[in-house]
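# Chains, contacts and geometry: an overview
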Amino acid sequence: MRIALKLALAATAAMLAIGAAQAQERTIKIGTEGAYPPFNNLTADGKLEGFDIDIGNALCEQMNVKCEWVTQDWDGIIPALQAGKFDAILASMSITEERKKQVDFSEKYYNTPPSIAAPKDSDIKGVTKEDLAGKTIGVQGGTTHFNYSEKTYTDSEIKPYPTAHEMHADMANGRLDAINDDIIVTQEFLDSPEGQACCKLIGTITPVVEIHGPGAGIAVRKGDKLADEFSAAIKAIRANGKYKEINDKYFKFDAYGAEGS
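Structure report, in brief.

Calculation notes
- Residues numbered from 1 in each chain as written.
- Predicted model: local features only at pLDDT ≥ 70, side-chain atom pairs only at ≥ 80, totals over all residues.
- Heavy atoms only, no water.
- Helix = DSSP H or I, 4+ residues; strand = E, 2+ residues; numbered from the N terminus.
- Expected span 1.5 Å × (residues − 1).
- Buried < 20%, exposed > 50% of the residue type's maximum accessible area, 1.4 Å probe, protein only.
- Arc of directions from axis to C-beta.
- Contact = heavy atoms within 4.5 Å.
- Core = buried A, V, L, I, M, F, W, Y, C linked by side-chain atoms within 4.5 Å.
- Salt bridge = Lys/Arg side-chain N within 4 Å of Asp/Glu carboxyl O.

Our focus in this paragraph is helix 10 (residues 226–240). Helix length check: helix 10 (15 residues) gives 21 Å between terminal C-alpha atoms against 21 Å at 1.5 Å per residue, within 8%. Here helix 10 has its buried residues at Leu226, Ala227, Phe230, Ser231, Ala233, Ile234 and Ile237. Projected down its long axis, helix 10 carries its buried residues within an arc of 165 degrees, all on one side. In this structure, helix 10 carries Lys235 and Ala239 as exposed residues pointing more than 90 degrees from its buried face. Summarising the contacts, the buried residues of helix 10 are in contact with strand 1 (27–32), helix 2 (51–62), strand 6 (88–94), strand 7 (103–105), strand 13 (216–221) and helix 11 (242–250). Looking one or two places after helix 10, you find Gly241, whose phi comes out positive at around 95 degrees.

What follows is the structure, given as structure tokens:
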């Protein structure tokens, strides 16, 4: 009996060890844009960096899996997920009802407000429809900011851009009257030498949940339980202090936003 028990225990331990090894070897491919600093950015030497990247790596560590990052242009990022190029999107993608028709989402991992910036000599006084009437507003295409601009600034010309980099360059070169983007991305640009020389923050926009959603989440293919794994990992790194450590590396406030929002 004792020999049989020892053999059974040894077999169980072996199975657990194999299971742990398999879990450790599991790889999740994550798609990101790599052109949206400080959230995700591809450096000149090909290295991905930013808040999204650090959060993704922390989540993978919490889930005991290996992260493999894949860069993808924003306008093709959901089709690439659906085609199996990667398993998840972690690229500051706002959780919206429209996108939920195509993908499933984790819970939010941050929520910051939109903003308007303009050239330093601009006469724009605020962020309302009336303030921006007759102006040309640059916005990254395929984003909640673009959707908001089209629905709100109906007396303005809305000019879409493939990336925030191109939008910033055009405003610095005097081709735009204003830009609409996340406050963190806008401030990153305004703090750069180029941004400091040309432009100023006009103000923040009160998010419209129906357009902007409750925050940025991690997108996965419809029906994939990976969304639940990411949600649990987000809660875990919020609880164990890892989220705060990453947050404080980039921001002077809690980018997560209000609990439950």
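After that view, the rundown keeps rolling.
Attention now moves to the nonpolar core. For soluble globular proteins, nonpolar side chains are generally found buried alongside one another. One finds Phe51, Leu59, Tyr109 and Phe230 to be the most contacted residues of the largest nonpolar core, which totals 44 residues. Mapped by element, the contributors of at least two residues to this core are strand 1, helix 2, strand 6, helix 6 (164–172), helix 7 (183–191), strand 13, helix 10 and helix 11. In terms of residue count, helix 10 provides more of this core than any other element does, six residues in total. In contact with Phe230, other than residues within four places in its own chain, are Ile28, Ile30, Leu59, Met63, Ala88, Ser106 and Ile218.

The next point concerns the pattern of salt bridges. Throughout the structure, instances matching the rule amount to 14 salt bridges. Between Arg26 and Glu229 there is a salt bridge, and its shortest N-O distance comes to 3.0 Å. Pair noted here: Arg26 is in the loop between helix 1 (2–25) and strand 1 and Glu229 is in helix 10, with a separation of 203 residues, a long-range link. A relative accessible area of 33% means that Arg26 is categorised as partly exposed. The partner of Asp87 in a salt bridge is Arg221, and the shortest N-O contact between them spans 3.4 Å. With Asp87 in the loop between helix 3 (77–82) and strand 6 and Arg221 in strand 13, the pair connects residues that are 134 residues apart, well separated along the chain.

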